[in-house]
Each structure stands twice: as structure tokens, then as C-alpha cells.
Amino acid sequence: MKKLLIVCLAMIALVFASCTKDNSEAAIEQVKNAIEQKDANVLKDALNNASEMFQKLVAENPEQAKSLFTTLQNLLKENADKIKAFVGDNAAVNLGLAAFTETSADEAIENVQKLFNQKEAVEGAVEEVKDAADKTKEAIENAPEAAKEAAEKAVEDTKNKVNEKVNQEVDNAKAKANENIDKGVNDVKKKLGL
């Protein structure tokens, strides 16, 4: 069973590596075709796709990312004059070209990794803020419940005090009535001579 699992994992890894290699090669071919077509917009799209593939590979396989970057860098440098002829002053394309030609593969990988780390830090901070907001929301939601409970307790305490007072007054009235009845009975007895 373990051997089967290991074989399956190895096959998945090979398929994944093959897919990313195929995607890298496709990105390179797309840039080559854009240069051959001499179309600045097609080259801009090809460079954007290559950049996305590079960033993905930095996260998954830095060595393959380095290979992709170096291959693209060499391709763009070899065809620099041809590219300049059809790109001209197109800022977006020139920026994409500069991203691949004016830095080393190692620097580019390091920069992307820094961005990933910053993204993770920001996401962590966002999660902390969300947690704090959830706790605050929960406290606010519970506050009315606590206030309601306190109000109900105050009402109940007041009812109890009122009932105690009423019962005490009733008892006093009964005692007074009994006292008056006794006094009246005694007065009647005296008048009757009993």
C-alpha cells in the first residue's frame, strides 16, 4: 500500500513538473512568435504571460523559474534591435522588456520572493484585523443580550421588592384589621357586659 502511494505521488510530481515545463516552453514560444509578428501589443501580452509564469514558478520551482527567466532574457537581448524597431516608445512594452533585461534572474527571483513575503505579511495582518473585527462584532452582539439580561434582572428584582412591600403592607393591613376587629369585639363585649 505504501509503495503504491509513493508511486502515485512520484507520478503526480512528474506530471506537475511536465506541465510547468510545458507552460514555460509555451511562454517562451509566445514571446518568440510575438517578436516574429513584430506586433507590440502581442509582445506586451506575451511578456505579461511570461511574467505570470515566472512568478508562479518562483513559488513552486525556483530553479525552473531561473531557467525561464534566463532563456527569456537571452531571447530578448538577442532580438533587441528587431524589438526596438517595432515597439518604439510603447511604455508598457518597454517596461515589460526592462523587467526581463535589466536585472539578473537571481535578483528577479529574490524580488518576487520579497513580494510573496510582503503579501503573506499583509494577509496575516488582514486576518488579525478580521479576527479583531469579529471579536468586536461578537462583543457588540452580546452587549444587547447582556443589557437585556441586566434589564430583566432589574425588572425581576423590582417585582420582588414590590411584592415584598405589598405582602408586608397586606400583612400589616391584616394585622391592623384583626386588631380593629378584636378591639371592636372587645368593645361590643364590654357594652354587653361580657
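Summary of the structure given here.

Cut-offs applied
- Residues numbered from 1 in each chain as written.
- Predicted model: local features only at pLDDT ≥ 70, side-chain atom pairs only at ≥ 80, totals over all residues.
- Heavy atoms only, no water.
- Helix = DSSP H or I, 4+ residues; strand = E, 2+ residues; numbered from the N terminus.
- Buried < 20%, exposed > 50% of the residue type's maximum accessible area, 1.4 Å probe, protein only.
- Contact = heavy atoms within 4.5 Å.
- Expected span 1.5 Å × (residues − 1).
- Arc of directions from axis to C-beta.
- Polar contact = N/O pair within 3.5 Å; in protein donor to acceptor, adjacent residues only side chain to side chain.
- Phe/Tyr/Trp six-rings, centres within 6.5 Å; stacked < 30°, edge-to-face > 60°.
- Salt bridge = Lys/Arg side-chain N within 4 Å of Asp/Glu carboxyl O.
- Core = buried A, V, L, I, M, F, W, Y, C linked by side-chain atoms within 4.5 Å.

Details of the overall build of the protein
Point 1. A tally of regular secondary structure across the protein gives 6 helices and 0 strands.
Point 2. Ordering the α and β elements of the protein from the N terminus gives α-α-α-α-α-α.
Point 3. For the protein, buried positions account for 19% of its 194 residues.
Point 4. Counting contacts in the protein only where the partners sit at least 6 residues apart, residues at least 24 apart contribute 75% of the total.

What about helix α2 (residues 40-60)?
Point 1. An ideal rise of 1.5 Å per residue puts 30 Å on 21 residues; α2 measures up with 30 Å between its terminal C-alpha atoms.
Point 2. For α2, every residue scored as buried is listed here: A40, L43, A46, L47, A50, M53, F54, L57 and V58. Angularly, the buried residues of α2 cover 140 degrees about the axis, an arc narrow enough to put them on a single face. Exposed positions of α2 whose direction lies more than 90 degrees from the buried face are E52 and A59.
Point 3. With a side-chain oxygen lying 3.0 Å from the backbone nitrogen of N41, the N-terminal cap of α2 falls on D39.

Structural notes on the packing of aromatic side chains
Point 1. All chains considered together, the criterion is met by 2 aromatic pairs.
Point 2. Plain terms: the ring middles of F54 and F69 are 5.2 Å apart, the flat faces sit at 45 degrees to each other, and that makes the pair tilted. In this pair, F54 is assigned in helix α2 and F69 in helix α3 (residues 62-78), connecting sequence segments 15 residues apart.
Point 3. By relative accessible area, F54 is classed as buried at 5%.
Point 4. Their ring planes at 35 degrees and their centres at 5.3 Å tell us that F69 and F100 sit as a pair that is tilted. Placement of F69 in helix α3 and of F100 in helix α5 (residues 91-101) is noted, with a sequence separation of 31 residues between them.
Point 5. Overall, F69 belongs to the buried group, its relative accessible area being 2%.
Point 6. Looking at F100, the relative accessible area reads 4%, which means it is buried.

Topic: the pattern of salt bridges
Point 1. This model, assessed by the stated rule, comprises 4 salt bridges.
Point 2. Among the ionic pairs, K66 bridges to D106, the shortest N-O distance being 3.1 Å. Of this pair, K66 sits in helix α3 while D106 is found in helix α6 (residues 105-192), placing the two residues 40 residues apart along the sequence.
Point 3. By relative accessible area, which is 29% here, K66 ends up partly exposed.
Point 4. On the accessibility criterion, D106 (44% relative accessible area) is partly exposed.
Point 5. D157 serves as the salt-bridge partner of K153, at 3.2 Å between the closest nitrogen and oxygen.

A closer look at the side chain of N79
Point 1. Its location among the elements puts N79 in the loop between α3 and α4 (80-87).
Point 2. Polar side-chain contacts of N79 include one of 2.8 Å to the backbone oxygen of L75.

Details of the nonpolar core
Point 1. Core analysis: the biggest nonpolar cluster contains 30 residues, and V31, L43, F54, L76 and I83 have the highest contact counts within it.
Point 2. Mapped by element, the contributors of at least two residues to this core are α1 (2-37), α2, α3, α4, α5 and α6.
Point 3. Setting aside residues up to four positions removed in sequence, I83 forms contacts with I35, L43, L76 and L97.

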